[in-house]
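# Breakdown of the fold
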Amino acid sequence: MDAVIMAARDAQVAIGETVQAGADEARIGVLRGALQREFGATLPEDYAALLRRSDGVDFDGLVLYGSAQSEANPGPGGFWQGLVAANKLWREGPGHARYLVLGETDIDLFTVDLDGSNPVLRDKVSSDVNETFPSVDAALRRLLATRG
């Protein structure tokens, strides 16, 4: 996945966009605890691997949530979409408490079940499943490759 992440980061830098530095293990550990407390959710290891390389992505219609950012505590470039903050907002809508939202595109939510399995893209409005993936890694590769 490193090559796909780096290609997306290079594309962002080439057009002058801000990229997020990677999260350290302490920050990921805090996130794991917060997800479990707030939502009973498990952070998929493949997503933790992304966070180690880039603590959130906002590029070309794709947002992959970071480890700890929020509107009150944004990252570089004003990036506020941390996993906990974004999932609190998504849970205001009906039916969204059944899964963890890892990110979004212009039309889809990238979600996993609360145990970190079953990565899918869901329609933002209807929650219908539009695409399934064998792993979070496969989903991330596909989502990032279309933008790198």
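Just so we're clear, the structure is a prediction, and the values are computed from it rather than from any experiment.

Cut-off values and rules
Residues numbered from 1 in each chain as written. Predicted model: local features only at pLDDT ≥ 70, side-chain atom pairs only at ≥ 80, totals over all residues. Heavy atoms only, no water. Patch = residues over 30% accessible without salt bridge, like charges linked within 9 Å, V, L, I, M, F, W, Y side chains within 5 Å. Areas by Shrake-Rupley, 256 points an atom, 1.4 Å probe, with all protein chains shown as cover. Salt bridge = Lys/Arg side-chain N within 4 Å of Asp/Glu carboxyl O. Lys, Arg positive; Asp, Glu negative; His and termini not counted. Charge placed at Lys NZ, Arg CZ, Asp CG, Glu CD. Helix = DSSP H or I, 4+ residues; strand = E, 2+ residues; numbered from the N terminus. Buried < 20%, exposed > 50% of the residue type's maximum accessible area, 1.4 Å probe, protein only. Pairing = 2+ DSSP bridges. Axes fitted to C-alpha atoms, helices over the stretch in contact; angles between N-to-C directions. Contact = heavy atoms within 4.5 Å. Parallel < 35°, antiparallel > 145°, perpendicular 65-115°, else oblique. Left-handed = near helix turned anticlockwise from the far one by under 90°.

A word on a negative patch on the surface. Side chains of Glu 17, Asp 58, Asp 60 and Asp 106 sit close together on the surface and give a patch of like negative charge. Among the structural elements, Asp 60 can be located in the loop between β1 (57-59) and β2 (62-64). Take Asp 60: its relative accessible area is 52%, and that puts it in the exposed class.

Attention shifts here to the sheet that holds β1. Pairing is antiparallel in the open sheet, where six strands are placed in the order β1-β2-β3-β4-β5-β6. Taken across any chain shown, the strands that pair with only one partner, and hence form the sheet edges, are β1 and β6 (129-132). Going from strand to strand, the sheet's axes swing by 30° on average, the running direction of each strand aside. Strand direction decides the pairing type here: strand β4 (residues 108-113) and strand β5 (residues 120-123), joined by four bridges, are antiparallel. Following the sheet pairing, Asp 108 is matched in β5 by Asp 123. The sheet contacts of helix α5 (residues 136-145) involve β1, β2, β3 (99-104), β4, β5 and β6, and relative to β4 the element is tilted by about 165°.

Here we come to the packing of helix α2 (residues 25-39) against helix α4 (residues 83-90). Contact geometry for α2 and α4: axes closest at 10 Å, N-to-C directions at 20°. Regarding the angle of α2 to α4, the classification is roughly parallel. Here the hand of the crossing between α2 and α4 comes out right-handed. In this structure, α2 contributes Leu 31, Ala 34, Leu 35, Glu 38 and Phe 39 to the contact, and α4 contributes Leu 83, Val 84, Asn 87 and Lys 88.

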